[in-house]
Every structure is written in C-alpha cells, then in structure tokens.
Amino acid sequence: MQLITERLFLIPLQPDGMRALLARTTDPELIQPYTDMLDLSLAHPEQWVWYTAWGLYQNDSGDWVGDLCFKGLPENGQPEIGYGLLPEYEHQGYATEAVRAACRWAFEQPGVTAVEAETAPDHAASQAVLHRVGFVPTGTMGAEGPRFILRLDSIAKSALSPFTSPSTCAIIYSNIAVCVFNGLATSANCISQICCYP
C-alpha cells in the first residue's frame, strides 16, 4: 500500500523495511522508537500499519524525506500520529503534506473518529503543521508537551476538506521479477493498494 500526494509517496514499512531503516539509523534518539515500532508491528500483525513507520519519499527522485507513524490503533478509535523529517527537507511543506494524507487515510479506516498528536512546547514548526492540517489544542499536556486533536466530525471545516475522498484508489497487481517495495528491491509479485490524493 502507498499513498501518493503532489510531491510525496508514503509507504508503511514491512518488517524488512523497518530492519533496513534501523540498520541505517545513526541518531541514537530514534533507535529505540524504531525498535519499538518494529516489535509492535510484529506483535500485532493484523494491525501492523498502525504500528510501523511510514517512509516518506519524494515522488520525482525517490529520496527519503522522513517518516511518520500512528503509535497503534486504540479501542477509542483515536490513534496518535508522530512525524519527523530530515533537516534538509524541513520548512518546505512536506510534513503538512504527509500528515494531511495520513490523516485522510486514517479517517477512511473503520472506527477511526479522531487523530491525536503531541509536540514539544517550543516546537513551533511542528505545531504549525498540526494547525495547517486542522488539529486543535485539547488543552491538556502529554509527556512531550501540548496535545492536539483532529476530529472526524470537524474535518469539513478544516484544511482536510478538499481531500475528503481520493481522486483515485485502485488495487494494482504487477507480476514483475524485481520491484521496489518498502524501499527495498525484492523479487516478488507486487500487490499494492495505491491511493492518489490531489
């Protein structure tokens, strides 16, 4: 499965993709979160997309821009989203584009009524991303800082409104010898759901 936006494609990483991401990660602050994502996606195979990292890639070059994750799908139907970009891609609208697409996808899934987020109190850029997508402050503090929420019943008034339905969503079957799947070249029959958002 991949989500395609104007400048990005987003792919939830399979276990091999997560292992490759861990192998190339040099930031010590990311190693434990990525390890947790891998472990939780393996522990919840029926909901792995809610636990794994989603790679963010440039459409034109295929370059890795950053990643996001949902931190699981709780029973209350309000998953939490987290995201980060490589420094050279910050302040160019990529995070807004990726979070918007991921939230649209989440709201298309059964039982999801809201998406939550949390940022550091002094991370103005991350808070600006949330505001542009349509998140509002909850008035509560989490472990990292202020919490935000985007409710399904409020998206008609938010920045998500032009994107409430995909322009194209199809199942693509490709019987090819080598394909790129989750950032890894593999020999496989690629079966991927591709959702294109304007």
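All residue numbers refer to position in the chain's written sequence, counted from 1. With pLDDT at 70 or above as the cut-off, local features in this predicted model cover only qualifying residues; side-chain atom pairs require 80 or more to be listed or tallied, and sums for whole chains, interfaces and linings still use all residues. Side-chain metrics rest on all non-hydrogen atoms present in the structure, leaving aside hydrogens and water.

Brief notes about the environment of Val129
Move 1: Helix and strand assignments follow DSSP, with helices taken as H or I runs no shorter than four residues and strands as E runs no shorter than two, numbered in order from the N terminus. Relative to the assigned elements, Val129 resides in helix 4 (residues 124-133).
Move 2: In sequence terms Val129 and Ala98 are 31 residues apart; their C-alpha atoms lie 9.9 Å from each other.
Move 3: Between two residues, a contact is recorded if the distance between any of their heavy atoms is within 4.5 Å. Ignoring sequence-local partners within four residues, the contact set of Val129 consists of Tyr83, Ala95, Thr96 and Val99.

Focus on the packing of helix 1 (residues 15-24) against helix 2 (residues 28-43)
Move 1: Close contact between helix 1 and helix 2 brings their axes to 10 Å; oriented N to C, the two are set at 165°. Taken as axis vectors, helix 1 and helix 2 run roughly antiparallel relative to one another. Viewed along their axes, helix 1 and helix 2 form a crossing whose handedness is left-handed. Taking contact as the criterion, the partners of Pro15, Met18, Arg19, Leu21 and Leu22 in helix 1 are, on helix 2, Ile31, Tyr34, Thr35, Met37, Leu38 and Leu42.
Move 2: Residue polarity is assigned by list, with Asp, Glu, Lys and Arg as charged and Ala, Val, Leu, Ile, Met, Phe, Trp, Tyr, Cys and Pro as nonpolar; anything else, Gly included, falls into the polar class. When the residues that make up the contact of helix 1 with helix 2 are grouped by side-chain class, the tally is nine nonpolar, one polar and one charged. In this description, a line fitted to the C-alpha atoms serves as the axis of each element, helices being fitted only across the stretch in contact, and the angle between N-to-C directions of two axes falls anywhere from 0 to 180 degrees. The labels follow the angle: roughly parallel below 35 degrees, roughly antiparallel above 145, roughly perpendicular from 65 to 115, and oblique for the rest. Note on convention: the crossing is left-handed when the near helix lies turned anticlockwise from the far helix by less than a right angle, right-handed when the turn is clockwise.

Comments concerning unusual backbone geometry
Most peptide bonds adopt trans geometry, and most residues besides glycine take a negative phi value.
Move 1: A positive phi angle is found at Lys71, which is not glycine, with a value near 60°.
Move 2: The topology assignment puts Lys71 in the loop between strand 4 (64-69) and strand 5 (82-85).
Move 3: One non-glycine residue, His91, lies in the positive phi region at around 60°.
Move 4: As for its position among the elements, His91 is in the loop between strand 5 and helix 3 (94-107).

Topic: the packing of helix 3 against helix 4
Move 1: The N-to-C vectors of helix 3 and helix 4 enclose an angle of 45°; their axes lie 9 Å apart at closest approach. When the axis of helix 3 is compared with that of helix 4, the two are oblique. In this structure, the crossing between helix 3 and helix 4 has a hand that is right-handed. Counted together, Ala95, Thr96, Val99 and Arg100 of helix 3 and Val129, Arg132 and Val133 of helix 4 form the full contact between these two elements.
Move 2: Among the residues forming the contact of helix 3 with helix 4, the class breakdown is four nonpolar, one polar and two charged.

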